[in-house]
Amino acid sequence: MMYSNIPSAQTLVLYFQSRGIKNIVISPGSRNAPLTLSFTKNPFFSCFSIVDERCAAFFALGMAQQLREPVGVICTSGSAMLNFYPAVAEAFYSDIPLVVVSADRPTNKIDIGDGQTIRQEDIFEKHIGYSANLKQDSTHGFEQVKSKDKQETIQAYNELEIGKALDIAFKTFSPVHINIPFEEPLYDLMETPIVELSKVQTMEDAGKVETDWSRLFPIWNASPRKMVLIGVNPPEDLDGAIVELLANDESVFVFTETTSNVHHPNFFPSIDSIIAPIEKSSDRESLFQSLQPDLLVTLGGLIVSKKIKAFLRKYQPKHHWHIDSKKAYDTFYCLSEHITTHPNTFFGNGLGNFQKIESSYRNSWLQTKNNYELKKQAYLEKIGFSDFSVFHQIQGEIPKDYQVHLANSSTVRYNQLFPMDPSLHVYCNRGTSGIDGSTSTAIGASVFYDNPTLLITGDLSFFYDSNGLWNQYIRPDFRIVLINNSGGGIFRILPGFEETEEFSTFFETSHQHKAEHLAQMFQFEYLKAGNEKEVGQALKNFYEPSQKPKILEIFTPREANNKILLDYFDFIS
């Protein structure tokens, strides 16, 4: 075991080890050499090398998302850390404890024309749980730093800042940033650290906000129309007894999405299949009023459906409670209560206090749900090969217990229209809903997952993050289904669509790219399909064990997809 001879580098590594942060993703560079050497030469840590910093940060995010614990990601100075920003923003809005560590040039080298220097301190200010800007050690370097502080004072300050950052990562599941200036020499090592950490201090938990159950229970019990809307949620997070409580109350209408990872026959998993037909109905006003809840209870993260947001903003409930121990967004402009606890705690307290009241709220809409399911099957039998038919086909063939990652844009939206087996663990980067990093996140998340991982992605998202395939950690059981509709097909269903060259070039960004050569370069087995029969043939052996990971690229008709999707909502209306 070896350590950098720079005190601040030793301090960081020792702190990580003391707090049990053992997974470290490293992008190459020279300024971060003290950290790279110290982490990679310590057997406590598992280190991963990812060249592209944007991919590295999303890879680490996927790991932290899967493990539900802090993961470190390290880069050199300069613009390298700016490539971390998309993943930092995603971690911020998705509550993922990403620990970003950036090596910096000495303070006196900033803004004087020195190479590979930018203003790194507080660079993630608007999207970070905490920024720890460490001080440069006064006892190290060819150019001794002019500091009014003694090394003992600097050491104490650095320890305090690192401790604060890691506490926040652990206790609030927020991303944090630690910026460390290093002077040369950068590569000198020693066997025994000169730093001895003082007692590691941890933050005291903030005082809990007590929930006034005596005020909330009467509102619940007096509301004949209660809607529970579940956003992005970790698999197996909601207790089975709570699911049954909600499912067996006829006054409770539960909307879920595939990213909710919550299932029950009495729930409504395809939000747009309920709301879109109402939008098209001549009786829309009375139908929306019958769907309008007295009480809206939301839990989990962000919601995919734009239609449910529009509906609840116009037809607001009398009360809106959000249940989350950390934060509550006023998504529908009517938030009345932030219940700062876990949903299991809230509903667990309700088990003996909630009263069932006579209501037709849920059952009247269950019939609507059954009707659209029958119509959807009839529609599938009459349409041609398309994105719509492909998503139905592939989602019905995913083996049980897979981890499934969804790219954003069209992929996650089509995915909502078809059922997912309850055994599947479904993820999507919905914090910022960007197409950047879906592949890298899925690969990072697959590293420690017991079962295989499937990424379902569109062509723009896949090609955008193609560097995500550039690493040595992709397991042979990793699978990618790539739906290639030759551009950003989602733009063809948005209000601004027009069949013009300008639209095709600047919105849809149509192209003729294929993944075959990328698959060859990154050692993937490659399959392709262009019709329903070929998709079926490819899926027969796609999930079988193999020596290499696999990509199945499915080519769909760019100019037909949007009409088939929009006609679906007309058909079930």
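Presented here is an overview of the structure given in this document.

The rules behind the values
- Residue numbers run consecutively from 1 along every chain, following the written order of its sequence.
- Where local features are concerned, this predicted model is filtered to residues with pLDDT of at least 70; where side-chain atom pairs are given and counted, the filter is 80 or more; whole-chain, interface and lining totals use all residues.
- Where side-chain values are given, they derive from all heavy atoms of the structure, hydrogens and water being excluded.
- Whether a residue is buried, partly exposed or exposed follows from its accessible area with a 1.4 Å probe, protein chains only, as a fraction of its type maximum: under 20%, in between, or over 50%, in that order.
- We count a stretch as a helix when DSSP gives it H or I for four or more residues in a row; a strand needs E for two or more, and each element gets its number in order from the N terminus.
- Consider the strands pointing away from the viewer: the crossover is right-handed when the path from the first strand over the helix to the second runs clockwise.
- Strands pair, by our definition, only if DSSP identifies at least two bridges between them.
- Interaxial angle, 0 to 180 degrees, is taken between N-to-C directions of lines fitted to C-alpha atoms, where a helix line uses only the stretch in contact.
- An angle counts as roughly parallel when it lies under 35 degrees, as roughly antiparallel when it exceeds 145, as roughly perpendicular when it falls between 65 and 115, and as oblique in every other case.
- Any two residues having at least one pair of non-hydrogen atoms within 4.5 Å are treated as being in contact.
- Grid points spaced at 1 Å over the protein atoms alone were grouped into cavities, where a 1.4 Å probe fits but cannot get out, and pockets, open sets with protein on both sides within 12 Å along at least five of seven lines, with lining residues defined by an atom within 4 Å of a point.
- Grid points are joined across faces, edges and corners, and a volume is the space filled by probe spheres set on the points.
- Here the nonpolar group is Ala, Val, Leu, Ile, Met, Phe, Trp, Tyr, Cys and Pro; Asp, Glu, Lys and Arg are the charged ones; every other residue, Gly included, is treated as polar.
- Each Phe, Tyr or Trp ring (for Trp, its six-membered ring) is paired with any other whose centre lies within 6.5 Å, and the angle between the two planes then decides the class: stacked below 30 degrees, edge-to-face above 60, tilted in between.

Taking every second residue as pointing to the same face, both faces of strand 2 (residues 23-26) are buried, with Asn-23 and Val-25 on one and Ile-24 and Ile-26 on the other. Taken together, strand 2, helix 2 (residues 33-40) and strand 3 (residues 46-49) form a β-α-β motif whose crossover is right-handed. In this structure, strand 2 lies alongside strand 4 (residues 71-75), joined through three bridges in parallel fashion. The residue of strand 4 that forms the bridge with Ile-26 is Ile-74.

Across the interface, helix 6 (residues 213-221) lies against helix 11 (residues 343-350) with an axial gap of 11 Å and an inter-helix angle of 75 degrees. In terms of axis orientation, helix 6 runs roughly perpendicular to helix 11. When helix 6 is examined against helix 11, the residues Trp-213, Leu-216, Phe-217 and Trp-220 are found in contact with a partner set consisting of Thr-345, Phe-346, Phe-347, Asn-349 and Gly-350.

Sheet strands associate in pairs through backbone hydrogen bonding, adopting either a parallel or an antiparallel arrangement. In space, the six strands of this open sheet follow the order 3-2-4-5-7-6, with parallel pairing throughout. The sheet is open, and its two borders are formed by strand 3 and strand 6 (130-133), each paired with just one other strand. Averaged over all pairs of adjacent strands, the angle between their axes in this sheet comes to 20 degrees, without regard to strand direction. Inspection of the sheet shows strand 6 paired to strand 7 (residues 176-181) by four bridges, in the parallel sense. Counterpart to Ser-131 in the pairing with strand 7 is His-177. Of the strands in this sheet, strand 2, strand 3, strand 4, strand 5 (98-104) and strand 7 touch helix 2, which is tilted by about 140 degrees from strand 2. The sheet contacts of helix 5 (residues 151-172) involve strand 5, strand 6 and strand 7, and relative to strand 6 the element is tilted by about 160 degrees.

In this structure, the second largest pocket encloses a volume near 760 Å³. Taken together, 26 residues make up the lining of the second largest pocket; nearest its centre are Asp-272, Lys-306, Lys-307, Arg-413 and Ile-493. Elements with a contribution of two residues or more to the lining of the second largest pocket: helix 8 (271-280), helix 10 (306-314), helix 14 (410-415) and helix 20 (558-572). Looking at which element gives the most residues to the lining of the second largest pocket, the answer is helix 8, with five residues. Taken together, the residues of the lining of the second largest pocket sort by class into twelve nonpolar, six polar and eight charged.

Looking now at empty space enclosed by the protein. According to the stated counting rule, one finds three cavities of 30 Å³ or more in the structure shown. Every residue lining the largest cavity is listed: Asp-387, Ser-410, Tyr-414, Asn-485, Gly-489, Ile-490, Arg-492, Ile-493, Arg-558, Asn-561, Asn-562 and Leu-565. At four residues, helix 20 tops the list of elements feeding residues into the lining of the largest cavity. Here the lining of the largest cavity is composed, by residue class, of four nonpolar, five polar and three charged.

This part is about the packing of aromatic side chains. A complete count under the given rule lists 36 aromatic pairs for this structure. Ring plane angle 55 degrees and centroid distance 5.5 Å describe the contact between Phe-16 and Phe-39, whose orientation is recorded as tilted. Of this pair, Phe-16 sits in helix 1 (residues 7-19) while Phe-39 sits in helix 2, placing them 23 residues apart in sequence. For Phe-39, a relative accessible area of 0% gives the class buried.

Okay, the environment of His-320 next. Along the chain, His-320 turns up in strand 12 (residues 319-323). Remark: the alpha-carbon pair of His-320 and His-338, spanning 18 residues in sequence, is separated by 8.7 Å.

What follows deals with the packing of helix 3 (residues 53-67) against helix 4 (residues 85-94). Between helix 3 and helix 4, the least distance of the axes is 7 Å, while the angle of their chain directions is 25 degrees. With respect to helix 4, the axis of helix 3 lies roughly parallel. Seen from helix 3, the contacting residues are Arg-54, Ala-57, Phe-58 and Leu-61; seen from helix 4, they are Pro-86, Ala-87, Glu-90 and Ala-91. Residue composition of the contact of helix 3 with helix 4, grouped by class: six nonpolar, no polar and two charged.

Turning to the sheet that holds strand 12, a few remarks are in order. One open sheet accounts for five strands, arranged 10-9-11-12-13; its pairing is parallel. Two strands in the sheet have a free side with no partner beyond their single neighbour: strand 10 (252-255) and strand 13 (337-339). Direction aside, the axes of adjacent strands within the sheet are offset by 20 degrees on average. Looking at chain direction, strand 12 and strand 13 are connected through three bridges and run parallel. The residue of strand 13 that forms the bridge with Ile-323 is Ile-339.

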